[in-house]
Amino acid sequence: MIEEIYEIILDHYKNPRNYGKMENPDIEYEGGNPYCGDEIKMQFKLKNGVIEDVKFSGRGCAISQASASILTEYLKGKKIEEIKNFKKEEHLKNLGMELSPVRMKCALLAYEVMRIALFGEEEIGK
Amino acid sequence: MEIKEKIFDVYKIRNDFPCLKRKIRGKDLIYFDNAATTQRPKQVIEAIKEFYENYNANVHRGVHTLSYEASVKYEEAHQKVAEFIGAKGMEEIIFTRNASEALNLVAYSIGIHELEEGDEIITTLMEHHSNIVPWQMLRKVKKIKLHYVNVLKNGTLDLEHLEKLLNKKTKIVAFTLASNFLGTITPAKEIIKIIRNKSDAIIVCDGAQAVPHIKVNVKEIDCDFLAVSGHKMLGPTGTGFLYGKKHLLEKMEPFLYGGDMIFEVTTEGATWNELPWKFEAGTPNIAGGIGLSAAIDYLNEIGMENIENHEKELLEYALRRMREIEDIEIYGHKEQDALGLISFNIKGVHPHDIAGICDEEGIAIRSGHHCTQPLMRHFCIENSARASFYIYNTKEEIDVFIEVLKKIKKYFSK
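Parameters at a glance
- Residues numbered from 1 in each chain as written.
- Chains lettered and ligands numbered in written order.
- Predicted model: local features only at pLDDT ≥ 70, side-chain atom pairs only at ≥ 80, totals over all residues.
- Heavy atoms only, no water.
- Pairing = 2+ DSSP bridges.
- Helix = DSSP H or I, 4+ residues; strand = E, 2+ residues; numbered from the N terminus.
- Axes fitted to C-alpha atoms, helices over the stretch in contact; angles between N-to-C directions.
- Contact = heavy atoms within 4.5 Å.
- Buried area = accessible area lost by both parts, 1.4 Å probe.
- Salt bridge = Lys/Arg side-chain N within 4 Å of Asp/Glu carboxyl O.
- Nonpolar A, V, L, I, M, F, W, Y, C, P; charged D, E, K, R; others polar.
- Core = buried A, V, L, I, M, F, W, Y, C linked by side-chain atoms within 4.5 Å.
- Buried < 20%, exposed > 50% of the residue type's maximum accessible area, 1.4 Å probe, protein only.
- Domains from an automatic or database assignment.

Trainee: When you look at the sheet that holds strand β3 (residues 50-59) of chain A in this model, what are you seeing that I'm missing?
Mentor: Backbone-to-backbone hydrogen bonds pair the strands of a sheet. The strands run either parallel or antiparallel. Residues and elements named next belong to chain A. The strand order across the open sheet built from three strands is β1-β2-β3, with neighbouring strands paired in antiparallel fashion. On the outer flanks of this sheet lie β1 (27-33) and β3, each paired with one strand and no other. In this sheet, neighbouring strand axes are inclined to one another by 15 degrees on average, regardless of whether the strands run parallel or antiparallel. Packing of helix α3 (residues 62-75) onto the sheet brings it into contact with β2 (38-47) and β3, and relative to β2 it is tilted by some 10 degrees. Strands β1, β2 and β3 of the sheet are contacted by helix α6 (residues 104-119), whose axis makes an angle of about 35 degrees with β2.

See the structure below:
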């Protein structure tokens, strides 16, 4: 049961993609969820409006970390213009499981960090 | 011994709790978050309903029948609480919203009015934030010194350290009767003897975790104040109380000012009502108090000794089964007196994932810092999961819990 429901999450939690630190990123942003202590930092290398490379680092629960890993896979190689219309519902869909409302915060941390990094502070709390 | 076992029938008890029949995602609810708040039996829910349906009125005001009936029941609730903890009478029991408010009452009424710069307060590293932050407020406002008694590796208070901290300038010592993170039951009688030997400090006990689970008698332990939460002992949310020795309450300034707490008001000033009403300004939580009274009836009916034994059995069983799981870390000593609660982590698994998966399986446990950040920092932990038991929990529920933990360990640990 658990292994089926969490299949994608567990895969990314145990083998995170694009994990680590980047030297000389073009943009970076770090965010956290003070209530549960989850932290995510995202770094980007951009070229001609395209995300050439992206890395994340941080700590926290499986949902928050796997969610970041899944997001980086999606972002790599995408045009920033394209990402602008990428909705949080679509990101949640990529996680491959239904989340209870209390876990939503964990799942959306990386998405919010990405929005603020790429589109500015006005994204905070959106 | 045999008779007691006959009286305590956990399956019969479970029938009294409507919420325990809840299904979570199709699974039976297993409620292991009792240290946060308990469920309420139908007797408590009925008592509140009866008040609202039959004699709903304000207390201590009208001459009419409903007001009289409500006043009698509300006062009776104070009396019942007094008997439950061995106080002299209802004049020593002040109803509050929770234990936090009870501790704030002491901090404000005594702290603000009676402390002077250079005075000292001692609390401990084992405390819930509610028994730390009000004293920090006094440190800021009154420029007093605040000391913390150390916690030893085995999860007990360092009483030698306490002895060293005590002196004639110590005005208040505040400590918990039981830890909400470690489960440790502190040796209150012994601690209070040490304090009285070396100072004239006022002694404040946090009974939020202990009073619902073990017999606490204020005369026996000889504390000056005791703060308790009603909602952690089957009572309604928004209920709690402060016990205080009568002679101390009499000379204390009020905490909140307004209606019902006065004897007479002129444009020049006011005189205070008699105890305990001097400390209960405004229309109180009447329904809550009546509900708490029903909760105490319920606990008395079962017997605190039976409750203690039942929880001890659950604790021993849960510990034995949890230790079957590799890489599980359990916090606090469990060899000495302890409550039926277990804080733990599974290596490589975040406690939020433990609680999240448990929830998928219908099991309610807590995860986080448990409002004891200084204690957790002392043990170098950021957060943990916690399962806490009460009268209606069973070994079968623990079995289900253990199976889920084993699955979590299998699939989640890196």
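This is not the end of the story, as more comes after the structure.
Trainee: Help me understand unusual backbone geometry, please; the structure alone is not making it clear to me.
Mentor: Apart from glycine, the bulk of residues carry a negative phi angle, and the bulk of peptide bonds sit in the trans form. Residues and elements named next belong to chain B. Residues L275 and P276 are joined by a peptide bond in cis, for which omega reads 0 degrees. Mapped onto the elements, P276 comes out in the loop between β12 (270-272) and α11 (286-302). Phi at R25 is positive, roughly 50 degrees, even though this residue is not glycine. The topology assignment puts R25 in the loop between β1 (23-24) and β2 (27-28).

Trainee: What is the right way to read the interface of chain A and chain B from this model?
Mentor: It is common to report an interface's size as the accessible area lost on association of the parts. Contacts between the two partners involve 19 residues from chain A and, on the opposite side, 21 residues from chain B. Each partner contributes to the roughly 1,700 Å² buried at the junction of chain A and chain B, and carbon and sulfur atoms together form 55% of this total. It is I2, Y13 and K14 of chain A in chain A that bury the most area against chain B; as a group they hold 33% of the surface buried on that side. Taken together, the connections running from chain A to chain B amount to two salt bridges. For the salt bridge of E382 of chain B with R59 of chain A, the shortest nitrogen-to-oxygen distance reads 2.7 Å. Of all elements in the fold, only α1 (2-5), α2 (7-14) and α3 of chain A reach the threshold of two or more residues within the side of chain A that touches chain B. In the side of chain A that touches chain B, the residues fall into twelve nonpolar, two polar and five charged.

Trainee: I keep staring at the environment of K171 of chain B and nothing clicks. Help me out?
Mentor: All names here are of chain B. Along the chain, the position of K171 falls in strand β7 (residues 170-176). Linking K171 and D200, residues 29 residues apart in sequence, is a C-alpha distance of 6.9 Å. Setting aside residues up to four positions removed in sequence, K171 forms contacts with L115, D119, E120, A201 and I202.

Trainee: It is not clear to me how the nonpolar core should be interpreted in this structure. Could you clarify?
Mentor: As a rule of thumb, soluble globular proteins bury nonpolar side chains together. Residue and element names in this part refer to chain B. Counting residues in hydrophobic clusters, the biggest one holds 85 residues, and the most contacted among them are I85, L162, L226 and I391. Top element by residues in this core is α11. It accounts for ten residues. Residue contributions to this core reach at least three from each of two domains, namely domain 1 (3-37 + 303-412) and domain 2 (46-300). For I85, the contacting residues outside a window of four places in its chain are I93, V211, V216, N217, V218, L226, F241 and Y243.

Trainee: Can you help me understand the sheet that holds strand β16 (residues 366-368) of chain B in this one?
Mentor: All names here are of chain B. If you trace the four strands from one edge of the open sheet to the other, you get β13-β14-β17-β16, paired in antiparallel fashion. Each edge of the sheet is formed by a strand with only one pairing partner; in this case those strands are β13 (328-330) and β16. Between one strand axis and the next, the sheet turns by 30 degrees as a mean value, whatever way the strands run. Where strand β14 (residues 341-346) lies against strand β17 (residues 384-388), four bridges are found, and the strand directions are antiparallel. Residue pairing across strands places L341 opposite S388, the latter belonging to β17. Seen against the sheet, helix α15 (residues 395-412) touches β13, β14 and β17 and runs at an angle of roughly 20 degrees to β14.

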